[in-house]
Amino acid sequence: VQLQASGGGLVQAGGSLRLSCVASGTTSVLNSINTLGWYVQGPGDQREPVATITRGDSTNYAASVAGRFTISQDRLRNTVYLQMNNLKPEDSATYYCSARVIRKDYWGRGTLVTVSS
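Sequence positions are assigned chain by chain, starting from 1 and proceeding in written order. Local features in this predicted model are restricted to residues whose pLDDT is 70 or higher, and side-chain atom pairs enter the listing and the counts only when it is 80 or higher, whereas totals over whole chains, interfaces and linings include all residues. Only hydrogens and water are removed before side-chain values are computed, so all heavy atoms of the structure are retained for them.

### Some thoughts on the sheet that holds strand β1 (residues 2-6)
Line of reasoning, step 1. Strand pairing is assigned whenever DSSP identifies at least 2 bridges connecting the two strands. The helix count covers DSSP runs of H or I at least four residues long, the strand count covers runs of E at least two residues long, and both are numbered beginning at the N terminus. Strand order in the open sheet formed by four strands is β1-β3-β8-β7, and the pairing between neighbours is antiparallel. Edge strands, defined here as strands with exactly one partner in the open sheet, are β1 and β7 (69-74). The sheet shows a mean angle of 15 degrees between the axes of neighbouring strands, taken without regard to direction.
Line of reasoning, step 2. In the sheet, β7 pairs with strand β8 (residues 79-84) via six bridges, with the strands oriented antiparallel. The convention used is that axes are lines fitted to C-alpha atoms, helices contributing only their stretch in contact, and that angles between N-to-C directions extend from 0 to 180 degrees.

Structure below.
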């Protein structure tokens, strides 16, 4: 699976951004994606989840973004979105798109979000 994220940029605090991530690959692999998500780089090498969505549209959010961010997906377009509202300076990070196929995680390059105060 290849993942291409876009939509990052510079925004003032209180503003909004919408991130998009398009997955590409063989039909069988794309149909095997069970979870899509957005992550940020945490301390060390670990990436921390911001929001995830399952094939059945079950969502989970980090406590810091719940109520401000919304994850959604368009499986026909193999795309996952992250609507980010009421952005705060502490939301500044590189956001990585991820796709889980069975037990393997695939990652995109990331898109940078910078929120100025």
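### Remarks on the pattern of salt bridges
Line of reasoning, step 1. Any Lys or Arg side-chain nitrogen located within 4 Å of an Asp or Glu carboxyl oxygen qualifies as a salt bridge. Summed over all chains, the structure comprises three salt bridges.
Line of reasoning, step 2. Linking arginine 77 and aspartate 74 is a salt bridge whose minimum nitrogen-to-oxygen distance equals 2.8 Å.
Line of reasoning, step 3. Burial status follows relative accessibility: with a 1.4 Å probe on protein chains alone, a residue under 20% of its type maximum counts as buried, one over 50% as exposed, and anything between as partly exposed. According to the relative accessible area criterion, arginine 77 is exposed, its value standing at 58%.
Line of reasoning, step 4. Notably, a salt bridge pairs aspartate 105 with arginine 100, separated by 2.7 Å at the nearest N-O pair.
Line of reasoning, step 5. Aspartate 105 gets classed as partly exposed once you look at its relative accessible area, which sits at 30%.

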